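# Results of the structural survey
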Amino acid sequence: MVQNLIFVIVLYVIGFVYLCTYFNLYIPYMAQVRVRFAPSPTGPLHIGGVRTALYNYIFAKKSGGIFILRIEDTDQARFVEGAEEYIMEALKWCGIIVDEGIKEGGDFGPYRQSDKKAIYRQYADILINNGDAYYAFDTPEQLETLRNESEKTGNTFIYNAEVREKLNNSVSLQETEWKRKLDNGEPYVIRYKMPHNEDIHFDDIIRGNIVVNTSTLDDKVLFKSDGMPTYHLANIVDDHLMKISHVIRGEEWLPSLPLHFMLYRSFGWDTPLFAHLPLLLKPDGKGKLSKRDGDKLGFPVFPLFWPYGETAKGYREEGYYADAFVNMLALLGWNPGTEQEFFSMKELTEAFTLDRVGKSGSRFDPEKAKWFNHHYLQNKTSTQLALEFREFLRARGYHVDIVQLETLVGLVKERVSFVKDIWDQTDFFFKAPETYDQEVIKKRWKEDSAMLLMELKCLLEKINDFSAANTELLVKAWIEEKGYNTSTIMSALRLVIVGTSRGPHIFDIISWIGREETLKRIDKGFSVIGK
RNA sequence: GGUCCAUUCGUCUAGUGGCUAGGACGUCAGGUUUUCAUCCUGGUAACAGGGGUUCGAUUCCCCUAUGGACUACCA
């Protein structure tokens, strides 16, 4: 009896394990998406980089995959203090959540390349041993000279199969010679031995099949004389070790894809799938959007303010909402195939597919970015906006009751794209005009304006309930009764209250600033414009 | 210069072997608002050029032009 029970349990366990194995092997394995965003900490991350991170992230999340942040800092000379933190904060602001990284940890670390120097060296040695790489002793100066000489004759110097024999390396030199150099501690690099005249085919999810002949490629340096790998080696090794399933990166990497393919082949590893994203172009014409542009183009090229050295503006500090920024960025180079334009991060992760990413570069349009922010701002409540605007006012020394501010924000909300715009629309609520628009005076200040204004003042003095609705009612009744010209009176009143011809309904304005202030402004306007 | 990639309104883009080539931003006009904006309605505006293939090409192929990326012991 007991034996039977054990037998049944064992059967169940075996069945369960079998099922798990089956699904592990076939379903989750195939679906296990692991992508990485791999920036270099050489300064602030620009919006092209943010978009690459975003596409990686939403692609991964669509299938429940893993998003990895890997810091590629193999060039110690270009390391910039604060850049790592900046990258992490920028992603966080955008709502891009890192699953594995230097802060988050993970089973495939270290996630900072400078922390795993020794590992790369081992892989470089593998290539040396199987004959796919070699030691090269040429100094940078020697190579520079060769390049300059070639340029004079109109040719381009490339370190490849044809010239490698004539240079200083373990292919051209006698074994005793190059071993002696190694023993003497002469500086060297390790170069990939690119095969001669071979067509290699590879696929890109966005661009399709591409063919390149290896003769046009050079023997790239894989390992530098300073003991660090170059991008190419570190990148391939890490992508393999971290089990990256899809490499989604900028198009600037497309020319080095053949090399990367060759490296995978030399190591005997399966290649991940590649997708090269089109570049983000400058709005004014030429070239890709670059870090150097700074804010000289009139809009930020960075997500956050960069506080070090040569500072740079950021979208966050300029008043953009993160969700508007992300929405705008997502649609630059990708579209859902429907007419939907507004996407939350969740909706993006549901709708995103790589096959709807375009092939050509996108020029960045600051106007559209602004429009997106306008839309997102309209979806905020007046309370939220009042809270944000209060901070703005505090910095300017104004302390206003939050309920008052809510009313104010409600009056101008739909005409602004940024919280800071509220100030431009409402400055006259806080301070009386110092000058009066001459154009408006010329056009709208009539012979009897001053006299009518004084009469209006007397009326306003007597109104107890100074709410917008009540004043409007009484003033209009008065105009009607006397048979006055509405336009003349309204224009004159607006002129003395605002200083020019703009702003929300005039009764809303005078009600908000109150009777006392209204009367004061009428007097002041009367004495200045007078007549 | 070489290698690779790309090319639909000013911009972001949809789309098809036969359509009035669609949408959005911008812009322009009208309406609303007794102001200014917002908002609403409408208009403007594109298949880079030349050859093929085809009854028919914006769509498929080739060439040219243009733009871009790369061409470092940078990523």
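Please read all numbers here as calculations on a predicted model, not as lab measurements.

### Here we look at the protein's contact with RNA strand B
In the region of RNA strand B, 58 residues are neighbours, and Ser40, Glu341, Arg415, Thr486 and Ser501 sit closest. Close to the protein, within 4 Å, the atoms of RNA strand B are drawn from sugar and phosphate at a rate of 72%. Element by element, the count of residues in the surface near RNA strand B is highest for helix H13 (residues 366-378), at four residues. When the residues that make up the surface near RNA strand B are grouped by side-chain class, the tally is 15 nonpolar, 18 polar and 25 charged.

### Here's the deal with empty space enclosed by the protein
To find leftover empty space, one rolls a probe the size of a water molecule over the atoms. By the definition in use, this model includes one cavity of 30 Å³ or more. When its volume is computed, the largest cavity comes out at roughly 30 Å³. Lining the largest cavity we find Asn160, Ala161, Glu162, Met194, Pro195, His196, Thr214, Ser215 and Leu217. Residue composition of the lining of the largest cavity, grouped by class: four nonpolar, four polar and one charged.

### Points about the side chain of Lys457
Of note, Lys457 is situated in helix H18 (residues 449-462). For Lys457, a relative accessible area of 15% puts it in the buried group. For Lys457, the side chain forms a polar contact with the side chain of Asp523, separated by 2.9 Å.

### Quick notes on the pairing of strand S3 (residues 133-136)
Here S3 shows no split at all, with Ala133 and Tyr135 on one side and Tyr134 and Ala136 on the other all buried. As paired strands, S3 and strand S4 (residues 189-192) are joined by four bridges and run antiparallel to one another. Looking across to S4, one finds that Ala133 is bridged to Tyr192.

### Comments concerning the layout of surface pockets
Estimates place the volume of the largest pocket at around 970 Å³. Of all the elements, helix H2 (residues 47-62) adds the most residues to the lining of the largest pocket, at four residues. Along the lines of polarity and charge, the residues of the lining of the largest pocket split into 13 nonpolar, twelve polar and eleven charged.

### Some details on helix H21 (residues 506-513)
In terms of residue burial, H21 counts as a mostly covered element, since six of its eight residues are buried. Immediately beyond the C-terminal end of H21, within one or two residues, lies Gly514, with a positive phi of roughly 95 degrees.

### Description of the pattern of salt bridges
Applying the stated rule across the entire model yields 32 salt bridges. Where Glu84 meets Arg112, a salt bridge forms, and the shortest distance between an N and an O atom there is 2.8 Å. Pair noted here: Glu84 is in helix H3 (residues 83-94) and Arg112 is in the loop between H3 and helix H4 (117-129), with a separation of 28 residues, a long-range link. The structure contains a network of salt bridges with shared partners spanning Arg36, Arg70, Glu72, Lys116, Asp238 and Asp239.

### Remarks on unusual backbone geometry
Residues other than glycine seldom take positive phi values, yet Asn197 does so here, at roughly 50 degrees. Structurally, the position occupied by Asn197 is in the loop between S4 and strand S5 (199-204). Positive phi, close to 55 degrees, is recorded for Lys243, a residue that is not glycine. The topology assignment puts Lys243 in the loop between helix H8 (231-241) and strand S8 (246-250).

### Regarding the sheet that holds S4
An order of S3-S4-S7 is seen for the three strands of this open sheet, with the pairing classed as antiparallel. With partners counted over all chains shown, the strands left at the sheet margins are S3 and strand S7 (221-223), one partner each. Sheet twist, expressed as the mean angle between neighbouring strand axes with direction ignored, is 45 degrees. Two strands pair when backbone bridges link them, and S4 and S7 are joined in this way by two bridges, in the antiparallel orientation. Residue pairing for S7: Ile190 is matched across the bridge by Phe223. Lying over the sheet, H4 contacts S3, S4 and S7, oriented at roughly 105 degrees with respect to S3.

### Quick look at the side chain of Thr74
Mapped onto the fold, Thr74 is located in the loop between strand S2 (66-69) and H3. For Thr74, a relative accessible area of 7% gives the class buried. Among all residues touching Thr74, those that are not within four sequence positions of it are Gln113, Lys224, Met228, Pro229, Thr230, Tyr231 and Ala234.

### Topic: the nonpolar core
Within soluble globular proteins, side chains that are nonpolar tend to cluster in buried spots. If you look at the biggest cluster of nonpolar residues, it comprises 111 residues, and the most contacted ones within it are Leu91, Phe389 and Phe430. Per-element tally for this core: the top contributor is H2, with nine residues. Not counting chain neighbours up to four residues away, the residues in contact with Leu91 comprise Phe37, Leu45, Ala53, Phe67, Leu69, Ile96 and Val98. Judged by nonpolar contacts, the second largest core, of 38 residues, contains Tyr123, Val212, Phe261 and Phe267.

### Re H3
Here H3 contains twelve residues, and its C-alpha end-to-end distance of 17 Å stays within 8% of the 16 Å for a straight helix at 1.5 Å per residue. Most of H3 is tucked away: nine of the twelve residues are buried. Where the residues of H3 are buried, they touch strand S1 (34-37), H2, S2, helix H10 (315-318), helix H11 (322-330) and helix H12 (345-351). A positive phi of about 85 degrees marks Gly95, the residue just after H3.

### So, the environment of Phe261
Within the fold, Phe261 resides in helix H9 (residues 257-267). With near-sequence residues (within four places) excluded, Phe261 lies in contact with His201, Phe202, Asp203, Thr271 and Phe274.

Calculation rules
- Residues numbered from 1 in each chain as written.
- Chains lettered and ligands numbered in written order.
- Predicted model: local features only at pLDDT ≥ 70, side-chain atom pairs only at ≥ 80, totals over all residues.
- Heavy atoms only, no water.
- Near = heavy atom within 4 Å.
- Helix = DSSP H or I, 4+ residues; strand = E, 2+ residues; numbered from the N terminus.
- Nonpolar A, V, L, I, M, F, W, Y, C, P; charged D, E, K, R; others polar.
- 1 Å grid on protein atoms, 1.4 Å probe; cavity = no way out; pocket = protein on both sides within 12 Å on 5 of 7 lines; lining within 4 Å.
- Points joined across faces, edges and corners; volume = space filled by probe spheres on them.
- Buried < 20%, exposed > 50% of the residue type's maximum accessible area, 1.4 Å probe, protein only.
- Polar contact = N/O pair within 3.5 Å; in protein donor to acceptor, adjacent residues only side chain to side chain.
- Pairing = 2+ DSSP bridges.
- Salt bridge = Lys/Arg side-chain N within 4 Å of Asp/Glu carboxyl O.
- Axes fitted to C-alpha atoms, helices over the stretch in contact; angles between N-to-C directions.
- Contact = heavy atoms within 4.5 Å.
- Core = buried A, V, L, I, M, F, W, Y, C linked by side-chain atoms within 4.5 Å.
- Expected span 1.5 Å × (residues − 1).

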